[in-house]
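Structure assessment
Listed here are the chains, written in short residue letters.
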Amino acid sequence: MKTNRNLEVYGIKNVTANWNLSPEILQKITVEKGMGRETKNGTLAINTGKFTGRSPQDRFIVKDAYTTDKVWWGKTNKPVSQENFDKLKNKVTGYLSNKELYVRDGFVCADPAFKTDIRTVTEYPWSSSFVFNMFLRPSDEELANFDEEWLVLCAPGYVCEDPKAYGIRQGNFSIINFTDKIALIGGSAYTGEIKKGIFSALNLILPIEKDVLPMHCSANVGEDGDTAIFFGLSGTGKTTLSADPSRKLIGDDEHGWTANNTIFNFEGGCYAKAIDLTEEKEPDIFRAIKPGALLENVVFDKEGNVDYMDGSITQNTRVSYPIYHIDNIAKPSYANNPTNIFFLTADAFGVLPPVSKLTPGQAAYHFISGYTAKVAGTEAGITEPVPSFSACFGEPFMPLHPTKYAEMLSKKMTEAGVNVWLINTGWSGGPYGTGSRIKLKYTRAMITEILNGSLDTIEFEQHPIFGLFMPKYCPNVPTEMLNPMNTWLNKGAYISKAIHLAHFFHLNFEKFANEASEHIIEGGPLIDEHHHLGEHF
Ligand SMILES: Nc1ncnc2c1ncn2[C@@H]1O[C@H](COP(=O)(O)OP(=O)(O)O)[C@@H](O)[C@H]1O
Ligand SMILES: C=C(OP(=O)(O)O)C(=O)O
Ligand SMILES: [Mn+2]
């Protein structure tokens, strides 16, 4: 059934709807309305207002017959009733009525077998530019056959005045309704809520209905067709490290792994961090910032020169652009099974080795644990790195129990015979504040050498506390940094910090211990929960 172009069916009345405007026109409108400005090279720059990052505490899922038994309810997936959702949706559609709105019909999932049409109705013109950049852009034919499956309603200007009466926490909210297939966003203009809302929806639908493993990862593919994927929480390097001129980019944030031994991108664009961006360090991303891209919360002077070092609005300055702003891309955005999987973690303690190889048990353990330090900005209230565990390297977006995803991943990894690596893109030489962040050029070199097969013949040594296997040598990387203990002045301090972190791992894993098999539990740190060192020490 084809969808017609009538917003009244959603309860949005008497509007001037601007349908599928081009990025050029949206940019013109945004500037004319004083909602944004052009930087020196003609890129549109806007401010997202009060929210410059996602607000995970205000993310809800409607608890109903479809979701009740499927969702892993708790702090991450908070329930809201159908009744409250309906009331709030009425408020939002009432608010959006009598306005000039921007509607975009696009889709997600680059593999045609999973194509899902999405209509996004936004209050602001530049939100529609974001959607153009980030979702997949239908051809004329696809547009003519557009068959709306999901609806995103994005009303940043609507702030709920009486949140308690609607079962929500505060004025802003992001709610997913799986039965009505609606993502309802109010009170926040942060564009990441739009993409991560639909991602969260796919993270339940795809594994349950389509036997596809959804992954919070970036992906690229080499000339020989060898695919690499990079899991990691926000700020760990998915976008940066997947933009590698020698490999074709598949996508920077959200992918599915199918039962047919392929992986595909959900999106049609990239959403990169812009803080401290330089052309020298990140040439592909820097050059992707041209007309069509959308800069968020960056600071620039009267002439429009952007100062990427300036984090005075937020550390989470961002830019979205369609994937074709990157030169070397896979077309369409899919490829065969990965041969290498990288788990990216930004360890704020300076404990984890910059590169290590994981056994299957360790891979499952670290995937379920999802250790990283949250870096400043992407989530409200985070201003300096905080150690955290986020199951599947993406807990805020995963509606199902983490072991569901872990089981699928384990099975696929074994079938595909893939190598799994843990890459610490965070600190070495001591904790955040005393040590320094591992240089991007060294992290890139480690990944390049792994992908070239240089580490296939290298000897590994086992980390005494984490049990991880660290290469003794890696071309183009200083040898002394490969074992993190060497980078600390005080070895005793290193060992006690490592034990401290191992203890955090054990504490966090307790909640999964009942579900996890012996072989997964053995993939954890070698010391037991009472700080006793194992035989390897
Ligand atoms: N060794 C490193 N590896 C990866 N990124 C690094 C490294 N050192 C610093 N960075 C910076 O960390 C940030 C990583 O962010 P990004 O790639 O956007 O992460 P994600 O896509 O996982 O959210 C970038 O700003 C990058 O320049
Ligand atoms: C856009 C986001 O993703 P990431 O930081 O992982 O790129 C986000 O988490 O808001
Ligand atoms: Mn990213």
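Before any of the text, the structure's been laid out above.
Residues numbered from 1 in each chain as written. Chains lettered and ligands numbered in written order. Predicted model: local features only at pLDDT ≥ 70, side-chain atom pairs only at ≥ 80, totals over all residues. Heavy atoms only, no water.

**What about the site of ligand 2?**
The full set close to ligand 2 counts 12 residues, and Arg 54, Lys 196, Ser 234, Lys 238 and Arg 318 are the nearest of them. Here an oxygen atom of ligand 2 sits 2.9 Å away from a polar atom, N or O, in the side chain of Lys 238. Burial of ligand 2 by the surrounding chains reaches 98%, relative to a free accessible area of 290 Å². Of the residues belonging to the shell around ligand 2, the class tally is 3 nonpolar, 3 polar and 6 charged. (Near = heavy atom within 4 Å. Polar contact = N/O pair within 3.5 Å; in protein donor to acceptor, adjacent residues only side chain to side chain. Areas by Shrake-Rupley, 256 points an atom, 1.4 Å probe, with all protein chains shown as cover. Nonpolar A, V, L, I, M, F, W, Y, C, P; charged D, E, K, R; others polar.)

**Looking at the packing of aromatic side chains**
Under the defined criterion, the tally for this structure stands at 30 aromatic pairs. Here the aromatic rings of Tyr 124 and Trp 126 are separated by 5.4 Å at their centres, their planes lie at 40°, and the arrangement is tilted. The exposure class of Trp 126 is buried, given its relative accessible area of 2%. Here Phe 231 and Phe 393 contribute two aromatic rings whose centre-to-centre distance is 6.4 Å and whose plane-to-plane angle is 40°, an arrangement assigned as tilted. Remark: Phe 393 occurs in the loop between strand E26 (386-389) and helix H9 (402-416) and Phe 231 occurs in strand E13 (residues 227-232); sequence separation between them is 162 residues. Accessibility expressed as a relative area gives 0% for Phe 231, which makes it buried. Residue Phe 393 is classed as buried on the basis of its relative accessible area, which comes to 2%. (Phe/Tyr/Trp six-rings, centres within 6.5 Å; stacked < 30°, edge-to-face > 60°. Buried < 20%, exposed > 50% of the residue type's maximum accessible area, 1.4 Å probe, protein only. Helix = DSSP H or I, 4+ residues; strand = E, 2+ residues; numbered from the N terminus.)

**What about helix H1 (residues 23-32)?**
Buried residues of H1: Pro 23, Leu 26, Gln 27, Ile 29 and Thr 30, and no others. The buried residues of H1 occupy one face: seen down the axis, they fall within an arc of 165°. Along H1, the residues that are exposed and aim more than 90 degrees away from the buried face are Glu 24, Lys 28 and Glu 32. Considering only its buried residues, H1 is in contact with strand E2 (36-38), strand E3 (44-46), strand E6 (100-108) and helix H3 (125-134). (Arc of directions from axis to C-beta. Contact = heavy atoms within 4.5 Å.)

**Topic: the side chain of Asn 508**
Here Asn 508 shows up in helix H11 (residues 491-509). By relative accessible area, which is 11% here, Asn 508 ends up buried. Beyond its immediate sequence surroundings of up to four residues, Asn 508 is in contact with Ser 369 and Phe 389.

**Description of the layout of surface pockets**
The space that makes up the second largest pocket amounts to roughly 640 Å³. Forming the boundary of the second largest pocket are 31 residues, of which Pro 56, Lys 75, Thr 76, Glu 395 and Pro 396 lie nearest the centre. Ranked by the residues each element gives to the lining of the second largest pocket, the list is headed by helix H5 (residues 192-210), at 4 residues. Class assignment for the residues of the lining of the second largest pocket results in 13 nonpolar, 10 polar and 8 charged. A domain-level breakdown of the lining of the second largest pocket finds at least three residues from each of domain 1 (8-50 + 58-214 + 269-325) and domain 2 (338-522). (1 Å grid on protein atoms, 1.4 Å probe; cavity = no way out; pocket = protein on both sides within 12 Å on 5 of 7 lines; lining within 4 Å. Points joined across faces, edges and corners; volume = space filled by probe spheres on them. Domains from an automatic or database assignment.)

**Quick word on unusual backbone geometry**
Cis geometry marks the peptide bond from Lys 331 to Pro 332; its omega dihedral reads -10°. Phi is positive for Lys 181, close to 60°, though the residue is something other than glycine. As for its placement among the helices and strands, Lys 181 is situated in the loop between strand E9 (173-177) and strand E10 (182-186). Although it is not a glycine, Asp 211 adopts a positive phi angle of roughly 55°.

**Brief notes about the pairing of E6**
For E6, the tally of buried residues reaches 8 of 9 residues, placing the bulk of the element in the interior. Two strands pair when backbone bridges link them, and strand E1 (residues 16-19) and E6 are joined in this way by 4 bridges, in the parallel orientation. Paired with Ala 17 across the bridge in E6 is Leu 101. Where E6 meets strand E7 (residues 116-122), 7 bridges bridge the pair, whose relative direction is antiparallel. The residue bridging Phe 107 from the neighbouring strand is Asp 117, located in E7. (Pairing = 2+ DSSP bridges.)

**Focus: the sheet that holds E2**
Hydrogen bonds between backbone atoms are what pair the strands of a sheet, whose relative direction is either parallel or antiparallel. Across the sheet, which stays open at both edges, the 5 strands sit in the order E2-E3-E18-E21-E17 with mixed pairing between neighbours. Edge positions in the open sheet fall to E2 and strand E17 (269-273), since each of these has one partner strand only. Neighbour-to-neighbour, the strand axes of the sheet open up by a mean angle of 25°, direction not taken into account. Two strands pair when backbone bridges link them, and E17 and strand E21 (residues 318-322) are joined in this way by 5 bridges, in the antiparallel orientation. Each residue of the ladder has a partner; that of Gly 269, found in E21, is Pro 322. Most of the contacts of H1 go to E2, to which it runs at about 115°, and overall it touches E2 and E3. (Axes fitted to C-alpha atoms, helices over the stretch in contact; angles between N-to-C directions.)

**A short note on the site of ligand 1**
As a matter of local geometry, ligand 1 sits amid 16 residues, with Gly 235, Lys 238, Thr 239, Thr 240 and Glu 282 nearest to it. Measuring from an oxygen atom of ligand 1, one finds a backbone N or O atom of Gly 235 at 2.7 Å. At a separation of 3.1 Å, an oxygen atom of ligand 1 approaches a polar side-chain atom of Arg 437. Expressed as a share of its isolated accessible area of 570 Å², the protein-covered part of ligand 1 is 91%. Of all the secondary-structure elements, those providing two or more residues to the shell around ligand 1 are helix H6 (238-242) and helix H10 (440-452). If you tally residues by element for the shell around ligand 1, the top one is H6, at 3 residues. For the shell around ligand 1, the residue count by class is 3 nonpolar, 8 polar and 5 charged.

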